[in-house]
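# Structural features, examined
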Amino acid sequence: MSFWQTHKPSLIALGLLAAALLSTVIIVPETKQAVIIRTGEPVSVVNQFSPRKPFGSTGAGIWWRLPIIDRVQYVDRRILNLDMQPQQVLSNDQQRLQVDAYARFRIIDPVLMVESAVSEDNLRAQLAPILSSVLRQELGRRPFAALLTAERGTAMANIRAALDRQARQYGAQVIDVRIKRADLPDGSPLETAFTRMQTDRQAESETIKARGEKDAQIIRAEAEAEAARIYAEAYGKDPEFYDFYRAMQSYRSTFLGGEGQSSIILSPDNEYLRQFRGRR
Amino acid sequence: MAGRKSPWGGGSGGGSGGGSGRGPEDGDGPAGEGEDSGSGPPDQDRPGSGKSGGPRNPWLPPGSGDGPRRTPNIEDIFRSRGPEGPRRRGGPGGPGFRLPPRPGGKSWFPVAVAAIVGIWVLVSSTHQVQPKEQGMVTWFGGKYSRSMTPGLNFTLPWPIQQVTVENVSEIRPLRIGTEGEKLILTGDQNLVDLSYLVRWKIKDLTQFSYQLDNPELTLAEVGESAMRASVAEQDLDAVVSGEGRSDIEAGVRQRMQAVLDAYKSGIAIEGVAIEKADPPTKVVEAFKAVSAAQQEANATRNRSRAYAQQVLARAQGDAAAFDQIYAQYKLAPEVTRRRLYYETMESVLGKVDKTVIEAPGVTPYLPLPEVKRRAVEAAPPTIVTGPKGN
């Protein structure tokens, strides 16, 4: 209490000084450019982007302004993101493609930006339709197959250049435009693609099965041929004996192997009954 | 709490009971020294003094409780804190202790302020940066000053110099395509459902902090663009089967790094890994059918191989048997032939019904009902051999 009483004037002076400092001194971060607007007119830019200056030697840091008269508008100094709504693009062979692209830009002339677009969000809103129209124009000149491949290099460079030309009017520089995705649109194009894939696979599986059958047939035929060769080699030594031997085997398997009973009516002239008559 | 039997109250009747209850009230340094030097208040409520009816309440300031134990009321508390509290009766070590006057009789206030400022300066100007981390110093949160390497670093105190510390060695994962189906067109205009993981870390903290509006979004978008470009160079089979994966992963990494370097983003791509590369759900059945067909074809081949082995083995067996017999037959052709014939006939005719018709003039009578009965049973063959010509 006594402290307050003894130092009252100096404390008040200190408070006033702090208030004056706060309204005069501004701190510009490395990520921002500050446009000082004096009574509605942009008078100067603090920490304007320059590609050659490394961080630490840029204009960021403490700066001043006139209280009340000067207004400071911060403009982003970083590379900004411009996203686009997915677009249907018609290729020159009348095929549809769903394209999603993005652009990266930087505000290099904050005064122009503040005058023409006021804020970054507003600038984005201005640039997005330009991007989609440029994209449609450029991709519409190319065949569908060319859009799918990665070799879109010249197309992308053209799009970037066209967008950059427009963006310069807002004090922005377009650094890069890239296609994030190029897809078949939902609905019939996608469905037909699925059908094509399906039939493709069906053809493949049928081919595989048929190939298996073919191999199986060949394997069986080769085995049978080999078996025939073995038989011929063995039996060819004495065809007459083979006939007899095989007939014996055949009788056994026919009469003995079969189910049920057989009846045989024999004539006494039969070879088996030759000795029946006791003839010699 | 206050009503419970206090553990302090049961202590021996020694003298220092009053001191222990007092410690927490003035935790500062100066109060501690007062405890040693001070004589302590009169211990009126000590156990053994005869006046207190029960154990001493430790929460009650020792100077206030003359009567039997009770909880402190608000008056007690304020009385012990005010200048006319127990200090009037006790020494400087009692509760509600005040700093002894400074030499010269001035206030402690400037000293306290200086001490706080000193601590502030000390705390906010030394920075311990862990081995994995990197720090960044800015003037007033604005202009970049310098980087801090791991170890102990000194800066000007806050807010003159402000410090941001970030883990730069940590490899961060970014997963893309994990939720739902993410269809990507391949080079042969097929679709593949892909999800992948990008591992990245901060290469340059300054660039990472100051160059990009939203580094992580940029990373995701650059990754997606690079992945689609790389997948479009491969056929569906190469993507799904995995033979093209390493090419894709290397291509994506290279593409991403080139773009991110062009942005001066300060991001290093450590690796890209494809986690899933499946056909779209709608056609996955057809893909499964292909592998099923593969299996089926192999099964057919196996079956025919088994058959082939059977046929061959049988042929070899038959041939070997014939060779054996034939070798014997060669030795004694006529006898062997006869023997085989009789043996066969014996076993054949031994099991069947036999009818021998003697005279050539007899008309054979077949017992048809009998034959029919048998036919109904098992359709057995009836064989009639005509008289042989020899």
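Here we take up the sheet that holds strand β3 (residues 41-46) of chain A. Residues and elements named next belong to chain A. Strands sit in the order β3-β2-β5 across an open sheet of three strands; the sheet is antiparallel. Looking along the sheet, the strands with just one partner apiece sit at the ends: β3 and β5 (70-76). Taken over all neighbouring pairs, the strand axes of this sheet differ in orientation by 30° on average, direction set aside. Relative to β5, strand β2 (residues 32-38) is paired through seven bridges, and the arrangement is antiparallel. Following the sheet pairing, I36 is matched in β5 by V72.

Here we come to the interface of chain B and chain A. Residue-level contacts link 90 residues of chain B with 81 residues of chain A. Tallying contributions element by element places helix α9 (residues 284-331) of chain B first for the side of chain B that touches chain A, with 27 residues.

On to the confidence of the model for chain B. Residue and element names in this part refer to chain B. With 65% of its residues at a pLDDT of 70 or more, chain B shows a mean pLDDT of 74. At the low end of the mean pLDDT range in chain B sits helix α1 (residues 17-20), at 40; at the high end sits helix α8 (residues 245-262), at 92. Contacts from residues 1-7, a stretch scored under 50 in pLDDT, to residues over four places away or in other chains number eight contacts. This model gives residues 9-53 a pLDDT under 50, and the stretch forms 64 contacts once residues within four places in sequence are excluded. Interface confidence for the predicted complex, given as ipTM, is 0.77, next to a pTM of 0.66.

It is worth spelling out the packing of helix α6 (residues 215-231) of chain B against α8(B) at this point. All names here are of chain B. Two elements in contact, α6 and α8, have axes whose closest approach is 8 Å; the angle formed by their N-to-C orientations is 140°. In terms of orientation, α6 and α8 fall into the oblique class. Judged by the sense of rotation from one axis to the other, the crossing of α6 with α8 is right-handed. Facing V222, G223, A226, M227, A229, S230 and V231 of α6, the residues of α8 in contact are I248, G251, V252, R255, M256, V259 and L260. The residue inventory of the contact of α6 with α8, partitioned by class, reads ten nonpolar, three polar and one charged.

Next up on the list: the sheet that holds strand β3 (residues 143-148) of chain B. Within a beta sheet, neighbouring strands are joined by backbone hydrogen bonds and run either parallel or antiparallel to one another. Residue and element names in this part refer to chain B. Judged by pairing direction, the sheet is antiparallel, and its three strands sit side by side in the order β3-β2-β5 without closing on themselves. Strands with a single pairing partner mark the edges of an open sheet, and in this sheet they are β3 and β5 (161-167). Neighbour-to-neighbour, the strand axes of this sheet turn through a mean angle of 25°, independent of strand direction. The pairing of strand β2 (residues 133-139) with β3 spans five bridges and is classified as antiparallel. Bridge pairing links M136 to S147 in β3.

Conventions used here
Residues numbered from 1 in each chain as written. Chains lettered and ligands numbered in written order. Predicted model: local features only at pLDDT ≥ 70, side-chain atom pairs only at ≥ 80, totals over all residues. Pairing = 2+ DSSP bridges. Helix = DSSP H or I, 4+ residues; strand = E, 2+ residues; numbered from the N terminus. Axes fitted to C-alpha atoms, helices over the stretch in contact; angles between N-to-C directions. Contact = placed C-beta atoms within 7 Å. pLDDT = per-residue confidence, 0-100. Parallel < 35°, antiparallel > 145°, perpendicular 65-115°, else oblique. Left-handed = near helix turned anticlockwise from the far one by under 90°. Nonpolar A, V, L, I, M, F, W, Y, C, P; charged D, E, K, R; others polar.

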